[in-house]
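For reference, the chains in residue letters:
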Amino acid sequence: MESSVDAPPVDGEEGTSVGAGTAGVRLEGVTKRFGTFEAVKDMDLEIADGEFFTMLGPSGCGKTTTLRMIAGFEQPTEGKVLIDGDNVAGQPAYKRPTNTVFQSYALFPHMNLEENVGFGLKRKKVGKAEIKKRVADELERVGLSRDAKRKPAQLSGGQQQRVALARALVNLPKVLLLDEPLGALDLKLRKGLQVQLKTIQRDVGITFVYVTHDQEEALTMSDRIAVMNAGRIEQCAGPEDVYERPETTFVAGFIGVSNLLPAVATGPNEVKLDSGETIPTGDASRFSSGDRCYAVVRPEKLTATTSGVAPSDRPSIDGVVETSLYLGNSTQMTVDVGNDVKMKVLIPNASEAERQDLPGGGSRVKLSWTAENMHLVRESPEEAAGADPIDPTDNNTEGVTK
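Keep in mind that this is a model prediction, so the values were computed, not measured.

Moving on to the overall build of the protein chain. The helix and strand tally for the protein chain stands at 10 helices and 20 strands. Counting the 402 residues in the protein chain, one finds 51% classified as buried. Across the protein chain, contacts joining residues at least 24 apart in sequence account for 70% of those joining residues at least 6 apart. Summing over all exposed atoms, the protein chain offers an accessible surface of approximately 17,600 Å²; the carbon and sulfur share of this is 49%.

It is worth spelling out the nonpolar core at this point. With 34 residues, the main nonpolar core has Leu165, Leu169, Leu176, Leu178, Leu197 and Phe208 as its most contacted residues. At the level of elements, α2 (113-123), α3 (128-141), α4 (157-169), β7 (175-179), α5 (187-204) and β8 (207-212) are the ones that each hand at least two residues to this core. The biggest single contributor to this core is α4, with 6 residues. Not counting the four nearest positions on each side in its chain, Leu176 is found in contact with Asn99, Val101, Leu165, Ala168, Leu169, Ile206, Thr207, Phe208 and Val209. In terms of nonpolar packing, the next biggest core, distinct from the first, is built from 26 residues, Ala263, Leu302, Val335 and Met374 among them.

This part takes up the packing of α2 against α4. Close contact between α2 and α4 brings their axes to 7 Å; oriented N to C, the two are set at 35 degrees. As α2 runs across α4, the sense of the crossing is right-handed. The residues of α4 that touch α2, namely those facing Leu113, Asn116 and Val117, are Val163, Ala166 and Arg167.

Turning to the confidence of the model for the protein chain, a few remarks are in order. When the pLDDT values of the protein chain are averaged, the result is 85; 89% of them are 70 or greater. Model confidence for the protein chain, summarised as mean pLDDT per element, is weakest for helix α10 (residues 381-385) at 70 and strongest for strand β3 (residues 52-56) at 97. Every residue in residues 1-21 scores below 50 in pLDDT, and together they form 58 contacts with partners more than four places removed in sequence or on other chains. Note that pLDDT drops below 50 for residues 395-402; the model gives that stretch 30 contacts with residues more than four away or on any other chain.

Moving on, we come to the pairing of β7. For β7, the buried fraction is high: 5 of the 5 residues fall into the buried class. Across the two faces of β7 the burial is the same, with Val175, Leu177 and Asp179 and Leu176 and Leu178 all buried. Where strand β6 (residues 98-102) lies against β7, 5 bridges are found, and the strand directions are parallel. Bridge pairing in β7 links Thr100 to Leu177. By the bridge criterion, 5 bridges tie β7 to β8 in an arrangement that is parallel.

Most of helix α1 (residues 63-71) sits inside the fold, with 9 of its 9 residues counted as buried. Among the residues of α1, Lys63, Thr64, Thr65, Thr66, Leu67, Arg68, Met69, Ile70 and Ala71 are the ones counted as buried. Of the residues flanking the end of α1, it is Gly72, one or two places downstream, whose phi is positive at about 100 degrees.

Here the focus is unusual backbone geometry. Unlike most non-glycine residues, Lys125 shows phi in positive territory, near 65 degrees. The exposure class assigned to Lys125 is exposed, which follows from its relative accessible area of 73%. Look at Leu172: it is not a glycine, yet its phi comes out positive at around 55 degrees. Tracing the sequence through the fold places Leu172 in the loop between α4 and β7. Accessibility expressed as a relative area gives 19% for Leu172, which makes it buried.

About the criteria used
Residues numbered from 1 in each chain as written. Predicted model: local features only at pLDDT ≥ 70, side-chain atom pairs only at ≥ 80, totals over all residues. Heavy atoms only, no water. Helix = DSSP H or I, 4+ residues; strand = E, 2+ residues; numbered from the N terminus. Buried < 20%, exposed > 50% of the residue type's maximum accessible area, 1.4 Å probe, protein only. Contact = heavy atoms within 4.5 Å. Areas by Shrake-Rupley, 256 points an atom, 1.4 Å probe, with all protein chains shown as cover. Core = buried A, V, L, I, M, F, W, Y, C linked by side-chain atoms within 4.5 Å. Axes fitted to C-alpha atoms, helices over the stretch in contact; angles between N-to-C directions. Left-handed = near helix turned anticlockwise from the far one by under 90°. pLDDT = per-residue confidence, 0-100. Pairing = 2+ DSSP bridges.

Right, dumping it as structure tokens:
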């Protein structure tokens with residue numbers, strides 16, 4: 001996909017209409033090596049046209065390297081990178097129909113907002129009337145039309161990030177790549193911009209590929225999430241599936257808080273915990289009798305009682321409260337259930353009287369849950385094999401524009 005200008009354009013600059021074509025992204029057998037280190041390992045991935053897709057994982061998992069290969073800032077050692085059906089592997093960033101927004105805003109301090117947003121269009125020699133209209137439209141979209149004449153130094157961090165987003169969108173990319181763009185903002189502002197980003201994505205209808213290590217951010221905005229670990233995708237699914245039905249111990253532990261009970265599958269809907277109890281569980285059809293697994297139940301799905309009696313239709317396990325922490329809208333208890341397993345219990349603070357009656361440290365309790373709220377997972381292959389060294393390139397890339 002050749003660019004219409006000789007010089008490398010700024011912030012994408014392909015002149016394709018927003019939402020036009022089938023701007024899907026597909027990776028086929030993509031591997032990226034830095035010397036002998038494999039940052040990304042034989043990855044196959046398909047991102048649908050118009051999807052808000054998030055790559056989620058800890059530092060060093062390969063998510064930023066994958067994003068950079070889609071953008072063209074890195075080239076794959078092996079495999080294909082297809083955008084809109086064309087293999088762009090080997091092409092430089094400025095020839096790709098993509099645009100990248102980084103955590104660093106990289107705005108020109110001597111230019112006002114209009115000039116910053118329209119800079120790429122001016123480099124493309126787009127007509128003045130069209131530049132004015134497209135810049136005004138994007139500033140309106142991000143809620144900054146009244147600030148068009150202000151300089152970046154006069155704006156808050158959140159406003160500057162919205163300018164960077166407008167500058168990316170004005171160039172009409174087929175795919176917008178976002179590398180932890182909200183990471184430098186405070187919590188309240190970040191939450192507000194999460195909602196705004198998702199609204200903008202739905203409005204423009206183009207493919208967003210988002211990189212973050214923030215689980216809540218991924219769950220809030222994404223149509224699908226790829227949870228990455230040591231250069232591989234451990235699970236790729238919608239937010240509800242990733243949270244409620246994780247496939248590996250790594251996914252269960254990385255998304256929110258999970259209680260992992262080592263066990264052996266003993267039937268289609270039953271497991272025997274290493275502590276000796278045989279308990280019913282949700283669908284265990286992926287496991288054969290005798291398979292090692294972990295039973296997962298989320299803290300908010302547990303009920304703790306001190307009477308020693310649980311409802312007869314609910315699985316349960318005995319334990320001793322180690323700690324009880326007040327978290328504002330909830331109380332978190334840590335319960336030792338033996339065999340070096342400690343379970344977290346999250347109890348809403350519905351009323352002060354109920355909270356005062358909660359068992360404290362040293363109390364014997366019975367934890368119970370419904371069978372459908374217990375899910376079986378396999379040990380993460382990367383955890384079983386031992387973690388690889390971290391990817392030295394998987395961090396925030398600042399100060400880079402296209």
